[in-house]
Amino acid sequence: MRLTQRRRQRQRSTQGAAAGRRVALLLLAAALSASAEPWSLGSFRLCSSVRLPWVDQNASGAAYVPESNTLWVVRNEPPGLFEYDTSGTRLLRWLDISWLKDTEDLAYIGGGRLAVVEEGPGGGIHVFDIASGRHVESFNVANPRTQEYGNEGLSYDPGSGIYYVAQEKWPRRILAVRPNGDGSSQWWNVVDGDAAYRGVGDIAAVAYVPQLGQVFVLSQESNRVLRSTMEGRVLQELWVTGSQPEPNEMAIYKVDDCGA
Ligand SMILES: *[C@@H]1O[C@H](CO)[C@@H](O)[C@H](O)[C@H]1NC(C)=O
């Protein structure tokens, strides 16, 4: 999730694999929006859908980089990072990250850096400098999980330096991760999704919105985006559709109307 003052649109992308595990949530919005309630899920409109060139399968997450006004997409198998224009139709660049494993989501963390999360046990968060393409930092995330139902979503709070990670199932939860600077990290539960998000079957992505101090949470199995407080209170829900089984499509939602 990334915010820009120049746009009053939100984009959301869903890429669902046959296995039903690869989905991304990306929100872009203006701090000063013409919309009466700029973050209200009720004002989201599905405007278009694009097939991402060069990524035929296994697209699993997206992030917006305001400095370049471009989108980055991560592929989980084989792992790769792809930069597109904001229409999602033109590939600008790609980075080989095939030394990583099952890279399920990415987040722009500011300062020209992207962070990527790996799903399975022992998988960590890996930070890349966009300009040079170089890997700059890695740290483990030690929450108990399985290869099949692990860390599926990633977001970042630039104010606190905390990463928010969505664990898909067993348990479904939102956890906070703070790197220690030595390759390890501390983690703790923020939202117990088994209790708080009883209406949905899984958590596939999370987007923390600093302006609200809230999260938007995507459930692929239940075709829904939830807007939730950090205490897990669901404020709003939006039913969405995703494309399956070809997980290379990005659905673009905007606020109020598609012409903006
Ligand atoms: C997509 O991922 C699956 C494993 O999850 C793999 O078998 C398949 O080859 C990948 N697709 C491509 C085009 O690499």
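Its UniProt record gives the protein chain the following Subcellular location (unreviewed entry) comment, quoted word for word: "Cell membrane".

**Student:** Explain the overall build of the protein chain to me, please; I cannot follow it from the model alone.
**Tutor:** Looking only at helices and strands, the protein chain has one helix and 18 strands in total. Expressed as a percentage of the 260 residues in the protein chain, the buried residues total 46%. Once local pairs closer than 6 in sequence are excluded, the contacts in the protein chain between residues at least 24 apart make up 52%.

**Student:** Before we go on, may I ask you to explain the sheet that holds strand S5 (residues 91-96) in this structure?
**Tutor:** Two orientations exist for strands paired in a sheet by backbone hydrogen bonds: parallel and antiparallel. If you walk across this open sheet you meet the four strands as S2-S3-S4-S5, and the pairing is antiparallel. Each edge of the sheet is formed by a strand with only one pairing partner; in this case those strands are strand S2 (59-65) and S5. Neighbour-to-neighbour, the strand axes of this sheet turn through a mean angle of 20°, independent of strand direction. With six bridges connecting them, S2 and strand S3 (residues 70-76) associate as antiparallel partners.

**Student:** It is not clear to me how the sheet that holds strand S6 (residues 103-110) should be interpreted in this structure. Could you clarify?
**Tutor:** Across the sheet, four strands lie side by side as S6-S7-S8-S9; this open sheet has antiparallel pairing. Of all the strands in the sheet, the pair left with one neighbour each is S6 and strand S9 (135-140). For this sheet, the mean angle separating the axes of adjacent strands, direction not counted, is 20°. Bridge count between strand S8 (residues 124-129) and S9: five bridges; the pairing is antiparallel. Among the inter-strand pairings, His126 is bridged to a residue of S9, identified as Ser138.

Reading the values: the criteria
Residues numbered from 1 in each chain as written. Predicted model: local features only at pLDDT ≥ 70, side-chain atom pairs only at ≥ 80, totals over all residues. UniProt positions renumbered as here; feature names shortened; annotations may be inferred. Helix = DSSP H or I, 4+ residues; strand = E, 2+ residues; numbered from the N terminus. Buried ≥ 20, exposed ≤ 12 C-beta atoms within 10 Å, placed from the backbone. Contact = placed C-beta atoms within 7 Å. Pairing = 2+ DSSP bridges. Axes fitted to C-alpha atoms, helices over the stretch in contact; angles between N-to-C directions.

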